[in-house]
Amino acid sequence: MAKLILSLDGSVIRDVPLDKERVTIGRKPQNDIQIENLAVSSEHACIVTILNDSFLEDLGSTNGTLVNGNPIKKHILQNNDVIEVGKYKLKYIADMPGAGQATPDDFEKTMVLRSPAAKPAGPKSAGDTQAFAAQTASNVTSAQAPKPTASAAPAPAPAAPLAAVQILNGPSAGKELELTKNLTTLGKPGVQVAVITRRPQGYFITHVEGASFPVVNGKTLDAQAYPLKDHDVIELTGVKMEFFIKTK
């Protein structure tokens, strides 16, 4: 299990295991990691842990969040990364083999969703067919990546059957993306982002970024991972998409 080592001026205060999918950091007592310092915002940052990887997100804090001295908004934590919140430091330690060692092959191309525009129906332009846009280079691989082989990855491939999502509304209705990777990010960075994970027991969707949480079949989700079922309808940033299991 990964953990954080909280310290101040070189003195270790305590270890914090990342034993929840979502761990919050801030000045208020309801945070999982409370830091009583005026330089720390009430709700400063959070860490979402999915499988063996942890995502750090700054929650719009006043003084910002640093990783290894660099300001971040959203960051995939690597072993020995040092998070700075005010004068406090939290060192990320990935105890499990391979944890915090995310590579481009672990990620599907980020799907950037464009909300439906209020305009008369008509022929789609070439630009309207581009529903998906690549984000940071570290997160992007081709959506047409070859199927994994026994020697393609150090860990066994997930047993879950292949699934996909299809856009149901907006300028890119009908666009489909197969969920071939362990992690697929959906949404609009800075507004609302969710992650679909492919696990041996199936597919799960988890909220990662934004004030609004994903909606599945008309129900707003919470911070916990939600198991997806065949033909579930997901809504993010006003865009609806259907999750379905692919059949051979």
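Preceding block: the structure.
All figures in this text were calculated on a predicted structure; none of them were measured in a lab.

**Student:** When you look at the sheet that holds strand S3 (residues 22-26) in this model, what are you seeing that I'm missing?
**Tutor:** Across a sheet, strands are paired by hydrogen bonds formed along the backbone, either parallel or antiparallel in direction. Ordered in space as S4-S3-S5-S6-S9, the five strands form an open sheet in which the pairing is mixed. What marks the edges here is a single partner per strand, and that holds for strand S4 (33-34) and strand S9 (74-76). Note: strand S6 (residues 53-58) against S9, three bridges, orientation antiparallel. By the bridge assignment for S9, Phe55 is matched with Ile76.

**Student:** How should I be thinking about the side chain of Thr65 in this particular structure?
**Tutor:** Mapped onto the elements of the fold, Thr65 is located in strand S7 (residues 65-67). Within the structure, Thr65 has its side chain in polar contact with the side chain of Asp58 (distance 2.6 Å). Excluding its chain neighbours within four sequence positions, the residues that come into contact with Thr65 are His44, Ala45, Leu56, Asp58, Asn70, Pro71, Ile72, Ile83 and Glu84.

**Student:** Just checking my understanding: could you explain the nonpolar core for this structure?
**Tutor:** Side chains that are nonpolar tend, in soluble globular proteins, to be buried together. The biggest cluster of nonpolar side chains holds 22 residues, and the ones touching the most others in it are Leu4, Ile33, Ile35, Ile47, Leu56 and Ile83. At the level of elements, strand S1 (3-8), S3, strand S5 (45-50), strand S10 (82-85) and strand S11 (88-93) are the ones that each hand at least two residues to this core. It is S11 that provides the largest number of residues to this core, a total of three residues. What Leu4 contacts, discounting residues up to four positions off in sequence, is Arg14, Asp15, Val16, Leu18, Ile33, Ile47, Ile83, Leu90, Lys91 and Tyr92. Within the second largest apolar cluster, 19 residues are counted, among which are Leu177, Leu179, Leu186 and Leu221.

**Student:** What is the right way to read the pattern of salt bridges from this model?
**Tutor:** When the charged atoms of two side chains with opposite charge come close together, those side chains can pair. Throughout the structure, instances matching the rule amount to five salt bridges. Ionic pairing is found between Asp32 and Lys20, a salt bridge with its closest N-O pair at 2.7 Å. Within this pair, whereas Asp32 is found in the loop between S3 and S4, its partner Lys20 is found in the loop between strand S2 (11-17) and S3, the two being separated by 12 residues in sequence. Take Asp32: its relative accessible area is 31%, and that puts it in the partly exposed class. Notably, a salt bridge pairs Lys246 with Glu176, separated by 2.8 Å at the nearest N-O pair. Placement of Lys246 in the segment after strand S22 (239-245) and of Glu176 in strand S14 (residues 176-178) is noted, with a sequence separation of 70 residues between them.

**Student:** Explain the pairing of S10 here, please?
**Tutor:** The side chains of a regular strand alternate between both faces of the sheet. Along S10, the buried face is formed by Ile83 and Val85; none of Val82 and Glu84, which line the opposite face, is buried. Pairing of S7 with S10, which is carried by two bridges, proceeds in the antiparallel orientation. Residue pairing across strands places Val67 opposite Ile83, the latter belonging to S10. The pairing of S10 with S11 spans four bridges and is classified as antiparallel. Across the sheet, residue Ile83 finds its bridge partner in S11, namely Leu90. Hairpin connection of S10 to S11: two residues between the antiparallel strands, including Gly86 at a positive phi of 65 degrees.

**Student:** Sorry if this is basic, but what is going on with the sheet that holds S7 here?
**Tutor:** Read across the sheet, six strands follow the order S2-S1-S11-S10-S7-S8 without closing on themselves; strand pairing throughout is antiparallel. Because the sheet does not close on itself, it has two edges, and the strands there are S2 and strand S8 (70-72). The average undirected angle you get between the axes of adjacent strands in this sheet is 30 degrees. Judged from the six bridges that link them, S1 and S2 form a sheet pairing that is antiparallel. When the bridges of S2 are listed, Leu8 appears paired with Ser11.

**Student:** Explain unusual backbone geometry here, please?
**Tutor:** Keep in mind that most residues, glycine aside, have a negative phi and that most peptide bonds are trans. Not every positive phi belongs to a glycine, and Asn80 is a case in point at roughly 75 degrees. You can call Asn80 partly exposed: its relative accessible area is 41%. A positive phi angle, near 50 degrees, is found at Thr237, a position not held by glycine. For Thr237, the position within the fold is in the loop between strand S21 (233-236) and S22.

Rules and cut-offs
- Residues numbered from 1 in each chain as written.
- Predicted model: local features only at pLDDT ≥ 70, side-chain atom pairs only at ≥ 80, totals over all residues.
- Heavy atoms only, no water.
- Pairing = 2+ DSSP bridges.
- Helix = DSSP H or I, 4+ residues; strand = E, 2+ residues; numbered from the N terminus.
- Polar contact = N/O pair within 3.5 Å; in protein donor to acceptor, adjacent residues only side chain to side chain.
- Contact = heavy atoms within 4.5 Å.
- Core = buried A, V, L, I, M, F, W, Y, C linked by side-chain atoms within 4.5 Å.
- Buried < 20%, exposed > 50% of the residue type's maximum accessible area, 1.4 Å probe, protein only.
- Salt bridge = Lys/Arg side-chain N within 4 Å of Asp/Glu carboxyl O.
- Axes fitted to C-alpha atoms, helices over the stretch in contact; angles between N-to-C directions.

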